[in-house]
Amino acid sequence: MAQIRENREVDGVGVQLTNLDKVLYPATGTTKAEVIDYFQAIAPFALPHLRDRPLTRKRWPNGVDRTSFFEKRLPSHAPAWIRRGAQHHSDGESLYPIIENAAGMVWLGQQAALELHVPQWTFVPDDADPDRPDVPGPPNRLVLDLDPGPDVTLDDCAALALRIRDLLAAMGMDGYPVTSGSKGLHVYAPLPAGISAQGARKVAHAIASQLEAESPELVTASMAKDQRGGRIFVDWSQNSASKTTVAPYSLRGRDHPWVAAPRTWDELTRPGLRQLDFGEVLARALADGDLLAGLDGAGVSPPAPGGAAAPPPEPVDLGEYRAKRDARRTPEPFGGAPSAGDPIFVIQEHHARRLHYDFRLEHDGVLASWAVPKNLPDDPEINHLAVRTEDHPMDYAAFEGSIPKGEYGGGEVTIWDHGTYELEKWRSGEVIVTLHGNRLQGKRYALIRTGEKNWLAHLTKDKSAPAKPTSTLAPDPMLPTESSIDGLSGTDWAFEGKWDGYRMIATVRGGTVSLRTRSGRTVTGEFPEFESLAQDLDGMDVVLDGEAVVLDPSGVPSFHLMAGGDTRAGAVRLHLFDVLSLNGVDLTMRPWTVRRQVLEGLAPLLEADTAVSVPPLVDARTGAEAAALSAELGWEGIIAKRRDSPYLPGQRVRAWIKHKNWRDLQVAIGGWKPGKGSRANGIGSVLVGLPAETGLVYLGAVGSGFSDRDLAALAEELEPLRMRRSPFTTPIDDPEARDAVWVLPKVIGDVRYSSLRRGGRLRQPSWRGFRRDLLPGDLPSADEAPWEGPEID
C-alpha cells in the first residue's frame, strides 16, 4: 500500500510529511496524521512553555508498542529553519533544537517525537560574545514531580499537590498543576530572577522534605527506589540544570495518547481525577485558554465564539459619576487610564457643605471611593464611618480645585495624601490594604461593610510598619512586649523558647552570610561558625531572624558563657525562629503561621549543620503550661507569638509577648569599688545605672556572678575610662560611694535580678556578661522604666 505523504505549509514554511497513516497508538488506532494535527493545533498553547529551551525528544517511530529512544542532539538532516542552541558537555559541544513556531511542532510530529522534554532554564543572549548568541541561563520556574507508588491513586497525588500549593503560596509563589499524562502530577511555580539551579533544587528539596516530615506514611523525598513503595515520591531533582521534565501539552508514550495536561486547582479538589487524552486537552485549551499563562509569560486566551480574537475588556462604568455632574460646569475630570505600576490611592480634603475626606483606591480601572467624615482613624481602638460613593475616573486622583457652588459636591478639594497601596483582600463586604503614602506610610486599614452604603474604617493593631525591608539592607528585628502569658491559649498563640544569647538577623545572599545584631552592628567575622549557612542555603536569597547562643554542659543556653567567650569554640549555635524574605519575596506581612511553614521547609537543609538549627515549638496548651515547662528545663523563659501576627521590623508589639523566669537588664557601668579578700587589689563590684533625661540614674552595685576572667576583662576595659567625678546624677549612699572609682559609662553589661527594692535599686543583682552587641543609646530609659516590675521592701 502506498504511503500517504503531504507537503504541508505552516507559518510560511514547507514541512514534508510521510507515513501519515501509520498507527502510533494501537490501543486507540491513533495515527501519525492525528498526532501531527494535534501538535499543530496545540502549538499556540504549548510554545510559551518550550520557548528558548533546549528540547530533548523521546521518539516512537514504529508506535508506542515498539522500541523508543531518546534523542538529545539535533540530527544533521534537521531543517535549517529550526533554531539551534549549543550546550557544552564533557565530550564537546552539542546542538539542540529550540522550537519557536507551529512549523517546528509539525516537524516534531513527523519525527514521531511524542514526548517533549525541557529543562527549567532557558537560553539567554551572551552579551560578552556576539558570535555566540545564546548561552544557558538561570532557571525561571520550579517543578515538583509527584510520582505515585503502587496502590497510590491520582486523587492522593491531587491532595498532596494542594498542600504544595499552600507551601508555595507561603513563599509568595503561585503554583500550577499539570496531570503528567503518565501516572502522577507535576506542580510548577515561576521563580524570581537571580536564583541558580542549585538554589532552586534546594528549595524544591526543602519542600519535599517538609512534606515527608508531615506525612511519612504517604510521602518520600528519597531518591532510593526501595524507599518509594506505597508512597508518593516527590521528585525535586528535576530542578537540576542537567535534568528535564516532560513539557506541558506534550503527548506521552503510553497505551493511550494521554497528555501532560494543565489543570485547575478546583479540579484537584474533586474525586475521580484522571489523565486526559489529546482530544480533551485541545478542546479545553480552545475553550479556556492556557491555564499556565502565568507560568512562562503571556499565554493564550480562549477565542471568542466563531474563532475570532477575544474582545477587549469592557470599558469601566462611570455612569453614576457622569449622571451627577455637568462637564460644562465643573472642572472635575471625566477620564483617565489605570496606573502603570502599583495601584494608587488618594485622600482628598473636601470642604463642601461640611468638611469631610474622600478616600479613593484604584480598582478595576476606576477609583473606588468612600466619603470619610473624620478621615481615616489613627487609633486602632477607634473606628470611623466611611460611606461608599460612586466610582470616580482615574484622573480624579490628581484633582485639586474648586467645584462651583450649586454643583454636586460644590466646594474646595485639595489632596491630603496620595501614594500606592498593597492589596490584601477585596471582597464585597471587606477590603484590607496597606498604604504607602507621604503621611500614611505602612498603615494597614480594613474597610468593613455594615449596611448598604455604610462601612467602618479600622486601623489594624500591630500591623503598621514604616516601610518594608529592602533586599539590600537587613531590617531591625521585631521585639516582644513583656507581660503575663498565663491566660494565653495554644489555639491562637504559639510558644517558643526564649533563648539566652545575642539576637541576630542573618542574610544569605550571593553565596555569603551577613550577620547583624539588634543594635545594627555587623558581626559576621566574629561568628565564623555560621558561614556554613551559606553552603546550606546555597543559591538562595534569604533573610532570617534568630539568636546566637552558647549551650552549657546540660544543653541549656547560657548568656554568661556567651558573653565570657571562654567556651565559644565548638559550642556556639544559631537558633533560627523566623524568616523575613525568601528569594526576593517579602514575607513580613504574611502571618506567623505562614512564615513558620517556610522556615520549617528550610529546616531539612540544615540537618547536617552542627552550628545552625530551627528549634521545635514548645508543645503546650496554655501559656502557663509553656512557662512551667521552660522553668523545668532551665530556660530563660518563653516567647508567645500570635499565630496571625505579621513581622513588623523594629517595632515592639503585643502580638509577641515574652515571659521571663528571671528578670534581666542591660545597664551601663558608671564606676567600680575595690574588692576585699581574694579580690583585693582588683574590682570587687561594679556600680551600674540607666540613662535618663537628667543623666545616669543609679541602680545599685553588682558584686556576684563574676569569674576571675570576667574581672580581668572588666579591669582592662574600665581602666582607660577613669574620670574624676561620678557620672550618676542621682544620690548614692555614702558607704557604696566610698572609695569608688568613677568611669565614663561606655561599657554595657547584662545583669540578672529578682525584683526591685523601693527607690528603684536592683535586688539580688548578678553579673551575666558584657553586651558587646549594644551601645549606650540602645539601653532603656530610666524615665520610662519598662524594666521595673513590682517593687518590694
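The residue numbers shown here count from 1 along each chain, following its written sequence. The predicted origin of the model limits local features to residues at a pLDDT of at least 70 and limits the giving and counting of side-chain atom pairs to 80 or more, whereas totals for whole chains, interfaces and linings rest on all residues. With hydrogens and water stripped out, all remaining heavy atoms of the structure feed into the side-chain values.

- As annotated in an unreviewed UniProt entry, the protein carries the name DNA ligase (ATP) and comes from Tsukamurella conjunctivitidis.
- UniProt positions are given in the numbering used here, feature names are shortened, and annotations may be inferred rather than shown by experiment. Taken verbatim from the UniProt record of the protein, the Cofactor (unreviewed entry) comment is "Mn(2+)".
- The record in UniProt for the protein states the following under Catalytic activity (unreviewed entry): "ATP + (deoxyribonucleotide)n-3'-hydroxyl + 5'-phospho-(deoxyribonucleotide)m = (deoxyribonucleotide)n+m + AMP + diphosphate."

**Side note on the packing of helix H3 (residues 154-170) against helix H10 (residues 592-602)**
Then, number 1: A fitted line through C-alpha atoms serves as each axis, taken over the contacting stretch for helices, and the angle formed by two N-to-C directions is quoted from 0 to 180°. Secondary structure elements follow DSSP: runs of H or I no shorter than four residues count as helices, runs of E no shorter than two count as strands, and numbering proceeds from the N terminus. Here H3 crosses H10 at 105 degrees, and the two axes come no closer than 9 Å. Between H3 and H10, the crossing angle belongs to the class labelled roughly perpendicular. Residues Arg163, Asp166, Leu167 and Ala170 of H3 pack against Val594, Gln597 and Val598 of H10.
Then, number 2: In terms of residue class, the contact of H3 with H10 is built from four nonpolar, one polar and two charged. Oblique is the label for any angle not under 35 degrees, not over 145, and not in the 65 to 115 range, which are roughly parallel, roughly antiparallel and roughly perpendicular in turn. The contact definition used throughout considers only heavy atoms, calling two residues in contact when any of these lie within 4.5 Å. Think of it as three bins: nonpolar holds Ala, Val, Leu, Ile, Met, Phe, Trp, Tyr, Cys and Pro, charged holds Asp, Glu, Lys and Arg, and polar takes everything else, Gly as well.

**Describing helix H4 (residues 197-214)**
At 3.6 residues per turn, the α-helix brings residues three or four places apart onto the same side.
Then, number 1: The end-to-end C-alpha distance of H4, which contains 18 residues, comes to 26 Å, matching closely the 26 Å that a straight helix rising 1.5 Å per residue would cover.
Then, number 2: Here's how the labels work: a residue is buried when its accessible area is under 20% of the maximum for its type, exposed when over 50%, partly exposed in between, all with a 1.4 Å probe on protein chains only. Of all the residues in H4, the buried ones are Ala197, Gly199, Ala200, Lys202, Val203, Ala204, Ala206, Ile207, Ala208, Ser209, Gln210 and Leu211. In a helix, the anticipated span is given by 1.5 Å times the number of residues less one.

**Some words on the packing of aromatic side chains**
Then, number 1: Put simply, two rings from Phe, Tyr or Trp (the six-membered ring, in Trp's case) pair if the centres are within 6.5 Å, and we call them stacked under 30 degrees between planes, edge-to-face over 60, tilted for the rest. Under the criterion given, the structure shown has 19 aromatic pairs.
Then, number 2: Taking the centre distance of 6.3 Å and the plane angle of 35 degrees together, the rings of Phe359 and Trp370 count as tilted. One end of the pair, Phe359, is in strand S22 (residues 355-363); the other, Trp370, is in strand S23 (residues 366-372), and eleven residues separate them in sequence.
Then, number 3: Using a relative accessible area of 1% as the deciding quantity, one classes Phe359 as buried.
Then, number 4: Members of the aromatic cluster, joined through ring pairs, are Phe345, Phe359, Trp370, Trp426 and Trp455.
Then, number 5: Two thresholds decide whether a charge sits over a ring: the Lys NZ or Arg CZ must be within 6 Å of the ring centre and within 35 degrees of the ring normal. A cation over a ring is seen here: Arg165 above Trp265, with NZ or CZ 5.2 Å from the ring centre.
Then, number 6: Lying over the aromatic face of Phe770, Arg772 brings its terminal NZ or CZ to 4.3 Å of the ring centre.

**Concerning the sheet that holds strand S15 (residues 219-220)**
Where strands meet in a sheet, backbone hydrogen bonds hold them as pairs that are either parallel or antiparallel.
Then, number 1: Two strands make a pair as long as DSSP finds a minimum of two bridges between them. Strand order across the open sheet formed by six strands is S15-S16-S12-S14-S13-S19, with mixed pairing between neighbours. Of all the strands in the sheet, just S15 and strand S19 (261-262) have a single pairing partner and so form its edges.
Then, number 2: Pairing geometry for strand S13 (residues 176-179) and S19, over two bridges, is antiparallel. When the bridges of S19 are listed, Val178 appears paired with Pro262.
Then, number 3: H3 rests against strand S12 (141-148), S13, strand S14 (185-190), S15 and strand S16 (232-235) of the sheet, and its axis sits at about 15 degrees to S14.

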